[in-house]
Amino acid sequence: MRVYLGADHAGYELKTHLASVLSKEGHEVVDCGPHAYDAEDDYPPFCIDAGERVVADPGSLGVVIGGSGNGEQIAANKVVGVRAALAWSVETAQLAREHNDANVVGIGARMHTLDGATEIVTAFLTTQFSGVDRHIRRIALISDYEKRS
Ligand SMILES: O=C[C@H](O)[C@H](O)[C@H](O)COP(=O)(O)O
């Protein structure tokens, strides 16, 4: 699977770790930056870029990483067609895919160990959307609103 990664300084170490782990697992990882550690950088451009690339590449998924994951999720969700979920456990990551068909996950690197965060991201990447009618209906309501706005 193609996986787009975006972050900021707070997520830089985890992004680097994930790029290595996911590549070894056979994923095609696209690093949307930052490409060097800069303690003063800002997450929006990197997360918006990751979100745009996911939308332009159906079947791909995105991971946006910061200190909390909150701002990263907010930024990615500004891209039309992105459904970014903040996941803080394996279960919330799985539900983001099963119920919400999320195509981007936000992760708070300061909230987890590297291994713990990797487990959450792996759960997100390996879980399928359930395709259940009620979830399709709810996602369509969100998309309809997005198209009207
Ligand atoms: O929601 C935003 C993220 O958690 C950022 O990674 C965080 O705000 C960065 O904080 P600071 O600039 O204090 O390192």
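Please refer to the structure placed before this passage.
Residues numbered from 1 in each chain as written. Predicted model: local features only at pLDDT ≥ 70, side-chain atom pairs only at ≥ 80, totals over all residues. Heavy atoms only, no water.

Trainee: Describe unusual backbone geometry, naming the residues involved and giving the relevant values.
Mentor: At the junction of Gly33 and Pro34, the peptide bond is cis and its omega measures out at 5 degrees in the coordinates. Tracing the sequence through the fold places Pro34 in the loop between β2 (28-31) and α2 (44-55). Not every positive phi belongs to a glycine, and Asp101 is a case in point at roughly 45 degrees. Inspection of the secondary structure assignment puts Asp101 in the loop between α4 (90-98) and β5 (104-108). Assessed through its relative accessible area of 21%, Asp101 is described here as partly exposed. (Helix = DSSP H or I, 4+ residues; strand = E, 2+ residues; numbered from the N terminus. Buried < 20%, exposed > 50% of the residue type's maximum accessible area, 1.4 Å probe, protein only.)

Trainee: Residue-level account of the nonpolar core, with values.
Mentor: Leu18, Val63, Ile65, Ile107 and Phe124 are the most contacted members of the largest nonpolar core, which has 24 residues in total. At the level of elements, β1 (2-7), α1 (12-24), β3 (61-66), α4, β5 and α5 (114-126) are the ones that each hand at least two residues to this core. Of the residues forming this core, the biggest block, six residues, is contributed by α5. With sequence-adjacent residues up to four places away left out, Ile65 is seen in contact with Gly6, Ala7, Asp8, Gly11, Leu14, Lys15, Leu18, Glu72, Ile107 and Ala109. Listed in part, the 13 residues of the second largest apolar core include Cys32, Cys47, Ala75 and Val104. (Core = buried A, V, L, I, M, F, W, Y, C linked by side-chain atoms within 4.5 Å. Contact = heavy atoms within 4.5 Å.)

Trainee: If you had to explain α1 to someone new, which residues and values would you point to?
Mentor: The terminal C-alpha atoms of α1, which comprises 13 residues, lie 19 Å apart, in line with the 18 Å expected from a rise of 1.5 Å per residue. All of the buried residues in α1 are Tyr12, Leu14, Lys15, Leu18, Ala19, Val21 and Leu22. If you follow the buried residues of α1, they end up packed against β1, β2, β3, β5 and α5. Positive phi appears at Gly26, one or two residues downstream of α1, with a value of about 100 degrees. (Expected span 1.5 Å × (residues − 1).)

Trainee: Let's hear about the pairing of β2: which residues, and what values?
Mentor: As defined by bridge partners, β1 adjoins β2 across four bridges and the pair is classed as parallel. Along β2, the bridge assignment pairs Tyr4 with Val30. Note on the crossover from β1 through α1 to β2: the handedness is right-handed. (Pairing = 2+ DSSP bridges. Right-handed = clockwise from strand over helix to strand, strands pointing away.)

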